[in-house]
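Listed here are the chains, written in short residue letters.
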Amino acid sequence: VMKLNPQQAPLYGDSVITVQLTEEDKVEDDVVFYLVFTGSTVQHCTSTRKINPGSLETISPGHDCCETVKVALCASREGHPVLVVAEESFQFVQDEAYDAAQFLATCAGNQQALNFTRFLDRSRPPAADVDFLDEKVALAFRHLKLPAEWNVLGADQSLTENIPRETLMHFAVRLGLLRLTWFLLQQPGGRGALSIHNNEGATPVSLALERGYQKLHQLLTEEGAREPDSWSTLSHTVHAGDYSVKHHRGLNVYLLTAQA
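Residues numbered from 1 in each chain as written. Predicted model: local features only at pLDDT ≥ 70, side-chain atom pairs only at ≥ 80, totals over all residues. Heavy atoms only, no water.

The chain is annotated in an unreviewed UniProt entry as AKP13 protein from Thryothorus ludovicianus.

A. Seen up close, the layout of surface pockets. Considering only enclosed or pocket space, the largest pocket measures out at about 720 Å³ in volume. Lining the largest pocket are 26 residues, with Gly62, His143, Thr237, His239 and Ser244 sitting closest to its centre. When contributions to the lining of the largest pocket are tallied by element, the ones reaching two or more residues are β5 (42–47), α3 (127–143), β10 (235–240), β11 (243–248) and β12 (253–259). With 4 residues, β11 is the largest single contributor of residues to the lining of the largest pocket. When the residues that make up the lining of the largest pocket are grouped by side-chain class, the tally is 7 nonpolar, 13 polar and 6 charged. Taken domain by domain, the lining of the largest pocket gets at least three of its residues from each of domain 1 (3–94 + 235–259) and domain 2 (96–226). Lining the second largest pocket we find 20 residues, and of these Gly176, Leu178, Arg179, Lys215 and Pro228 sit closest to its centre. Broken down by secondary-structure element, the contributors of at least two residues to the lining of the second largest pocket are α3, α5 (178–185) and α7 (214–221). In terms of residue count, the dominant contributor to the lining of the second largest pocket is α3 (4 residues). Broken down by class, the residue content of the lining of the second largest pocket amounts to 9 nonpolar, 2 polar and 9 charged. (1 Å grid on protein atoms, 1.4 Å probe; cavity = no way out; pocket = protein on both sides within 12 Å on 5 of 7 lines; lining within 4 Å. Points joined across faces, edges and corners; volume = space filled by probe spheres on them. Helix = DSSP H or I, 4+ residues; strand = E, 2+ residues; numbered from the N terminus. Nonpolar A, V, L, I, M, F, W, Y, C, P; charged D, E, K, R; others polar. Domains from an automatic or database assignment.)

Listed below in structure tokens is the structure:
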């Protein structure tokens with residue numbers, strides 16, 4: 001039996017999984033290992049990289065629902081058939097970052113909820129936690145299947161620009177969430193949100209200045225501002241019909257996902 005660590009991953013994937021091999025699986029250098037995850041409607045195949053003779057590393061795929069899937073460790077060697085050397089179960093779960101992204105996406109136009117996020121801000125987490133939160137919530141947001149009509153300012157577009165109100169952009173900027181801010185900027189209504197004043201007359205841009213978030217202020221105001229470094233910028237995904245292939249440049253691991 002191989003050991004997977006951890007034995008679960010968030011739905012949006014992109015976390016590191018370590019595979020401990022048993023004594024008899026520690027084999028010659030020319031063997032290539034893959035993990036195959038079989039869910040109820042999709043299947044994923046990931047390449048791995050060797051950390052040492054007894055352990056491999058890969059990236060968890062993003063999955064379509066919360067469930068326990070079967071994972072097979074396959075070994076391939078030139079001129080030989082592909083062998084399944086071990087099997088294990090693995091769980092895809094909805095974590096807090098996913099809940100948060102879903103909550104925020106749903107509340108885009110809801111003033112009560114957005115004001116609640118301001119209340120949360122008073123107990124601001126330390127910088128390292130903010131960075132972690134930013135990374136995870138931005139990854140989860142990317143994974144959500146947002147409806148075609150979704151807008152950073154909420155569904156009700158009849159609200160004119162000059163009504164003072166809170167926006168998701170105020171929320172992201174107030175907490176200093178660089179990657180989430182970038183993600184929102186790319187969505188419909190993202191740029192429009194930058195000029196909206198809240199009840200205190202603050203725009204997301206003025207909030208960034210007031211809080212001394214220089215990088216964030218640059219991101220909002222500079223023409224050629226680049227995407228902030230993150231785990232997701234290390235990944236490049238190509239979609240083709242029922243298949244998608246993702247390359248994670250950090251670990252040089254490939255993930256193939258197919259509709260089963």
